[in-house]
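Each chain, written out:
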Amino acid sequence: MTQTSDATAYDSIAEGYAELNETSLLNEYYNRPALIELAGDVTGRRILDAGCGSGPILSDLRDRGAVVTGFDSSAGMLEQARRRLGADADLLVADLAHPLPFADDAFDDVVVSQALHYLEDWRPTLAEFHRVLRPGGRLLVSEEHPAAVFLSDRLSGGASEYFGTRARTEEWTMGGGSAQLTFWDRPLHAMVDAFASAGFRIETISEPAPSAAAYERFPAEFENRASGRFLAFLFFVLIAS
């Protein structure tokens, strides 16, 4: 969820951010169930949640029989994760932008949920994911949909360029704290090129519908959506070749 200079920023909003995720359409009713569905049967699989935040996805995977490890660069977010998962949970402070403290071939799956966009350069991090995955292991990624980011900016009067990698800074206020966060937006082809150069083969690209519960919880959001879908995140299942 967080990395490098944004770590202490997330510390200041950790409790409010964790609470928001529990009720958010995009997180609780869209991102979280979509990743769990893509993961499928995880019984006995060794899974790393890279940028685990407050641990909701880790919790789901553990409940489904996975052997889970999580890390985040924000100690505040990991405190929230320990409250959810228990004091004995395998959690540690680490940074996506640095070499990972795990052995080669240590995991069957790596999940990285809404975290790569904090990095200007994905290549070193993806190389580390490939290293810690066993051959044939899976990397499950959710990221902001580049088309959604571009359209949102243009509809709000911005003049961003879709192509190329560019920084976007936002001020978040929640739970009595505030944080200034920087995201790095990039086009779809740049994502795909980064995956391929790190040795990953794309198995799935998904633009899913939200969970069934979303339609009851947020009826106004779907009144004028005949498809029942919206443009928000993009999901990948990648195989370490």
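Heads up: these notes are all about the structure in this document. (Residues numbered from 1 in each chain as written. Predicted model: local features only at pLDDT ≥ 70, side-chain atom pairs only at ≥ 80, totals over all residues. Heavy atoms only, no water.)

## Observations regarding the environment of G76
- Here G76 lies in helix 5 (residues 75-85).
- For G76, a relative accessible area of 12% puts it in the buried group.
- Remark: the alpha-carbon pair of G76 and I13, spanning 63 residues in sequence, is separated by 8.3 Å.
- Not counting chain neighbours up to four residues away, the residues in contact with G76 comprise D11 and A14. (Helix = DSSP H or I, 4+ residues; strand = E, 2+ residues; numbered from the N terminus. Buried < 20%, exposed > 50% of the residue type's maximum accessible area, 1.4 Å probe, protein only. Contact = heavy atoms within 4.5 Å.)

## Comments concerning a nonpolar patch on the surface
- Together, L151, L155 and L231 line one region of the surface with nonpolar side chains, adding up to about 320 Å² of accessible area.
- Inspection of the secondary structure assignment puts L231 in the loop between helix 9 (212-217) and strand 9 (233-240). (Patch = residues over 30% accessible without salt bridge, like charges linked within 9 Å, V, L, I, M, F, W, Y side chains within 5 Å. Areas by Shrake-Rupley, 256 points an atom, 1.4 Å probe, with all protein chains shown as cover. Salt bridge = Lys/Arg side-chain N within 4 Å of Asp/Glu carboxyl O.)

## Examining the packing of helix 3 (residues 25-39) against helix 4 (residues 56-63)
- The interhelical angle for the contact between helix 3 and helix 4, taken along N-to-C directions, is 35°, at an axis separation of 10 Å. Note that helix 3 runs across helix 4; the crossing there is right-handed. Contacts from N31, R32, L35, I36 and A39 in helix 3 reach P56, I57, D60 and L61 in helix 4.
- In terms of residue class, the contact of helix 3 with helix 4 is made up of six nonpolar, one polar and two charged. (Axes fitted to C-alpha atoms, helices over the stretch in contact; angles between N-to-C directions. Left-handed = near helix turned anticlockwise from the far one by under 90°. Nonpolar A, V, L, I, M, F, W, Y, C, P; charged D, E, K, R; others polar.)

## So, the packing of aromatic side chains
- Enumeration over the complete set of coordinates arrives at 18 aromatic pairs.
- Plain terms: the ring middles of W172 and F183 are 5.8 Å apart, the flat faces sit at 35° to each other, and that makes the pair tilted. Here W172 is found in strand 6 (residues 166-174), whereas its partner F183 is found in strand 7 (residues 177-185), with 11 residues between them in sequence. (Phe/Tyr/Trp six-rings, centres within 6.5 Å; stacked < 30°, edge-to-face > 60°.)

## A few points about the sheet that holds strand 2 (residues 67-72)
- Spatially, the seven strands line up as an open sheet ordered 3-2-1-4-5-9-8, and their pairing is mixed. On the outer flanks of this sheet lie strand 3 (91-93) and strand 8 (200-206), each paired with one strand and no other. For this sheet the average axis-to-axis angle between neighbouring strands, irrespective of direction, equals 20°.
- Relative to the sheet, helix 4 contacts strand 1 (46-50), strand 2, strand 3 and strand 4 (107-113), its axis offset from that of strand 2 by approximately 170°. (Pairing = 2+ DSSP bridges.)

## Topic: the environment of R123
- Its place among the elements puts R123 in helix 6 (residues 123-132).
- Given a relative accessible area of 55%, R123 falls into the exposed group.
- Separated by 75 residues in the primary sequence, R123 and A198 place their C-alpha atoms 6.7 Å from one another.

## Remarks on the side chain of E128
- Along the chain, E128 falls in helix 6.
- With a relative accessible area of 14%, E128 lands in the buried category.
- Here the side chain of E128 touches R131 through a polar contact of 2.9 Å, side chain to side chain.
- Once residues within four sequence positions are removed from consideration, E128 is found in contact with P99 and L100. (Polar contact = N/O pair within 3.5 Å; in protein donor to acceptor, adjacent residues only side chain to side chain.)

## A few points about the pattern of salt bridges
- Inspection of the entire model under this criterion finds 14 salt bridges.
- Close ionic contact of E22 with R84 constitutes a salt bridge, the shortest N to O distance being 2.4 Å. With E22 in the loop between helix 2 (14-21) and helix 3 and R84 in helix 5, this residue pair connects regions lying 62 residues apart in the sequence.
- Judged by its relative accessible area of 33%, E22 is partly exposed.
- A salt bridge links R131 to D104, with the nearest nitrogen and oxygen atoms 2.8 Å apart.

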